[in-house]
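Read off the chains here:
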Amino acid sequence: MRFWMGVVQREHVHRGLAMGIAQTNHGAAAGLRRMEPGDRLVYYSPKTAYPEGDALKEFTAIGVISDGAPWQSPEAMWRRRVEYVEGVRSVPIAELSGELELTSTPNWGYALRRGLLELTAHDFALVAAAMGAAELAPAEAPSAG
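Residue numbering note: each chain is counted from 1, following its sequence as written. Under the rules for a predicted model, residues below a pLDDT of 70 receive no local features and side-chain atom pairs below 80 are neither given nor counted, while totals for whole chains, interfaces and linings still include all residues. Excluded from the side-chain calculation are hydrogens and water; included are all heavy atoms of the structure.

By the naming in an unreviewed UniProt entry, the protein goes by UPF0310 protein BJ979_003319 and is assigned to Schumannella luteola. Recorded in UniProt under Sequence similarities (unreviewed entry), the annotation for the protein is "Belongs to the UPF0310 family." UniProt positions are given in the numbering used here, feature names are shortened, and annotations may be inferred rather than shown by experiment.

Q: So, the layout of surface pockets: which residues are in play, and what are the values?
A: Estimates place the volume of the largest pocket at around 480 Å³. Elements are defined by DSSP. Helices are runs of H or I of four residues or more, strands are runs of E of two residues or more, and each kind is numbered from the N terminus. The set of elements that each furnish at least two residues to the lining of the largest pocket consists of α1 (10-19), β2 (21-22) and β6 (78-84). The biggest single contributor to the lining of the largest pocket is α1, with 6 residues. In this analysis, the protein atoms alone were mapped onto a 1 Å grid. Cavities are point sets where a 1.4 Å probe fits without being able to get out; pockets are open sets with protein on both sides within 12 Å along at least five of seven lines; lining residues have an atom within 4 Å of a point. Grid points are joined across faces, edges and corners, and a volume is the space filled by probe spheres set on the points.

Q: Talk me through the environment of Leu-56; I want residue IDs and the actual numbers.
A: When you line up the elements, Leu-56 lands in strand β4 (residues 55-65). A 1.4 Å probe rolled over the protein chains alone gives each residue an accessible area, and that area as a share of the maximum for its type sets the label: buried under 20%, exposed over 50%, partly exposed in between. Look at Leu-56 and you get buried, because its relative accessible area is 18%. As a C-alpha pair, Leu-56 and Ala-121 span 65 residues in sequence and 24 Å in three-dimensional space. Any two residues having at least one pair of non-hydrogen atoms within 4.5 Å are treated as being in contact. In this view, Leu-56 contacts Arg-10, Ser-45, Pro-46, Lys-47 and Thr-48; residues no more than four positions away in its chain are not counted.

Q: Give a description of the pattern of salt bridges that names residues and reports values.
A: Here a salt bridge means any side-chain nitrogen of Lys or Arg lying within 4 Å of a carboxyl oxygen belonging to Asp or Glu. Taken as a whole and judged by the stated rule, the model has 4 salt bridges. Salt-bridge contacts for Arg-89 lead to Glu-95; the nearest nitrogen and oxygen are separated by 2.7 Å.

Q: Mind laying out the nonpolar core, listing which residues take part and the relevant values?
A: Nonpolar cores were defined as sets of buried Ala, Val, Leu, Ile, Met, Phe, Trp, Tyr and Cys residues, with membership established by side-chain atoms within 4.5 Å. In terms of nonpolar packing, the biggest core is built from 26 residues, with Met-5, Val-42, Phe-59, Ile-62, Leu-100 and Phe-124 touching the most fellow members. By residue number, the principal contributor to this core is helix α3 (residues 121-131), which donates 6 residues. Beyond its immediate stretch of four places on either side in the chain, Leu-100 contacts Phe-59, Ile-93, Asp-123, Leu-126 and Val-127. Listed in part, the 13 residues of the second largest apolar core include Trp-4, Met-35, Leu-41 and Val-82.

Here you go:
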């Protein structure tokens, strides 16, 4: 099991939630092909919308990669099925930044430009617990708090 963080504006995350799909890097296939069924995915939204949205900097959705391979939509965007956890809360990254391995190095924000990052089990567990989706965290990972 691997843990992924997609960097996607909240407006696009909500569209993906409604469709039950993941899409990263403006519809590119490479990242989605690295994912396997059962992998975990959390979205981090730096802004509310693209390109002119307001700053947000929150984790906005979380789920599990479903069975099946990525496919290309009629709009030529690559997508993958996700079972999202309903009723989770958005969490500002500032609430967790002192505990996350992701934010422990200077200039950590540059990594977000890749659009899709692999998280450690530790970081995923912290984010999942804060969002109210602790059931997605691996058993061996520490809990938030």
